[in-house]
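Given next are the chains, with one letter for each unit.
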Amino acid sequence: MGSVLKGDPRLDKLRWSRRLSLTSRILFVNVLPLVLLGGGVIYVDAYRKQLLGERFKLALVEAQITAEALAGATPRRQDALLIQIGKEQRLRLRVYGPDGRLESDSFALAPPSFTLPDPVEVDQNAFALRVDRWFDRVVGAPALPDYKEPESDDVEDWPELKRAREESLTQIVLRDAADGTHVINAAAPVGLDGDTLLLTRNLVDITESVREARSTVLVVVLLALLVSTMLSLFLARTIVRPLRELVQAAIRVRQGRDRLVEVPRLPERRDEIGMLARAVSDMSLALRQRIDAVESFAADVAHEIKNPLASLRSATESLTRVEDPALRAQLLDIATHDVQRIDRLVTEISDASRIDAELSRAEFEPVDIGQLISNIVASREAREENDGRTIDLTVSGAPIVVMGVPVRIERVIENLLDNAVSFSPPGGRITAQIERQDGWVSLTICDEGPGIPEEKREAVFQRFHSDRPEGEDFGKHSGLGLAIARSIAEAHDGTLVATEREDGEGGACLVFGLPARR
């Protein structure tokens, strides 16, 4: 019996649908461009820092080597070195004397190897400059001082020169030119005479490389944004269309215009939309079955009550015309029997109709089912309700606990015992056995009656099933006992099925299964 609850495919579908949830898809589609943009910005900033770091090291080495080459050289030789190194390395080299005044300038000795734009002529609102400023704000880059050529051009105009003189160490400063490119100034002392070298390099290649990398990232982000937009529209379409179909089907079901409305189940969808479609389909099917059951139940009730009412009417009408005391007494017995039958039917029908509502509001509590059935059997024997049949009960010593409503579980057991008693021959034995296996508790009640053919084992749980044992008084049972018992069992997440006896001796067994308390 424990296998009834095992391997439920709905659990596997739920786990699979969570892997492909719409939430994760939509989140991925919308976050992808932002992730690419953020990663691209971080990459470009790291790329720029790496290039600047390498150029800082290069400028330091160039300044020191050039200063060593200039140390001790004659003025004529110094000018030649300044022209040669400046031209080959695309540098501007300036030498300042001990008094702080400019003595030699490679740009004055030879044509300049690079040209910096005039700040007045540069459009500060140019797109490239605006993107540079936005990028620096995003990455939190510190603001750099502007590079401006001084009018007097002496040591006092360059702080790095002053520090190099004071500390006798090479100093490096990074500035921004008017066009957004970086400019490196490296100051180094020259020999012991008090001269100082100022090396200037325009890092236009770094700026171009960074802008090119940034453009590539921008193109990738725009492509990702385009793909994200298309996927978002696709997801919206795949969400809206099935939702509209579900809404239309739900409206038709609500209006009741078509009893055969088919709600799309979307079996190919393994996401929340598919789960919703199948849930709505199952709900509409359950609702339709409930409506059909109510209509069928009403028809069955009318049919079952009509017979005793007709008999009662016939008996009461005949009483006025019958003078024979014996016949009048017989008619009164018939009327009394019919009234009792109608009362039993009304009671059972009322109970059957409110079981689902009661159990949906009830709070389950631990129930020792072994102790419960022991008390029921003892009570029935004390009230002599078994009509001479013997009930053999087998219960293990350890408590077997389930969760449920004790009164309703007791009702199931009573109905099963009543059924076994009615089908057992006089003096027969009824066996009741409780087992627990794999988290499942089963109560099996077997009789020694004629048994139930396999093709009728489901029919016995239908309402007003009338296949009664021979010789039983007409109207003694309503035909609702097993139907009520199964309703209670299913409301407890349990089962109630009919089987044959395992010993092959004939008779029927009813197996009542419930989940064991964890």
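For the structure given in this document, a descriptive report is provided here.

Let us look at the overall build of the protein chain. A tally of helices and strands in the protein chain yields 12 helices and 12 strands. Of all 518 residues assigned to the protein chain, the portion counted as buried reaches 39%. Long-range contacts, defined as pairs at least 24 residues apart, comprise 67% of the intrachain contacts of the protein chain with a sequence gap of at least 6. Here the protein chain displays about 30,200 Å² of accessible surface, and carbon together with sulfur accounts for 55% of that area.

This part is about a nonpolar patch on the surface. A contiguous nonpolar surface patch, about 390 Å² in accessible area, is contributed by V219, L223, L226 and M230. For L223, the location among the structural elements is in helix 7 (residues 204–255).

This brings us to the sheet that holds strand 3 (residues 171–176). Spatially, 2-1-5-4-3 is the arrangement adopted by the 5 strands of the open sheet, whose pairing is antiparallel. Taken across any chain shown, the strands that pair with only one partner, and hence form the sheet edges, are strand 2 (102–105) and strand 3. Recorded for the sheet is a direction-independent mean angle of 20° between the axes of neighbouring strands. Sheet analysis places strand 1 (residues 92–96) next to strand 5 (residues 195–203), joined by 5 bridges and oriented antiparallel. By the bridge assignment for strand 5, L93 is matched with L199. Of the strands in this sheet, strand 1, strand 3, strand 4 (182–190) and strand 5 are in contact with helix 6 (residues 159–167), which crosses strand 3 at around 175°.

Cut-offs used in this document
- Residues numbered from 1 in each chain as written.
- Predicted model: local features only at pLDDT ≥ 70, side-chain atom pairs only at ≥ 80, totals over all residues.
- Heavy atoms only, no water.
- Helix = DSSP H or I, 4+ residues; strand = E, 2+ residues; numbered from the N terminus.
- Buried < 20%, exposed > 50% of the residue type's maximum accessible area, 1.4 Å probe, protein only.
- Contact = heavy atoms within 4.5 Å.
- Areas by Shrake-Rupley, 256 points an atom, 1.4 Å probe, with all protein chains shown as cover.
- Patch = residues over 30% accessible without salt bridge, like charges linked within 9 Å, V, L, I, M, F, W, Y side chains within 5 Å.
- Salt bridge = Lys/Arg side-chain N within 4 Å of Asp/Glu carboxyl O.
- Pairing = 2+ DSSP bridges.
- Axes fitted to C-alpha atoms, helices over the stretch in contact; angles between N-to-C directions.

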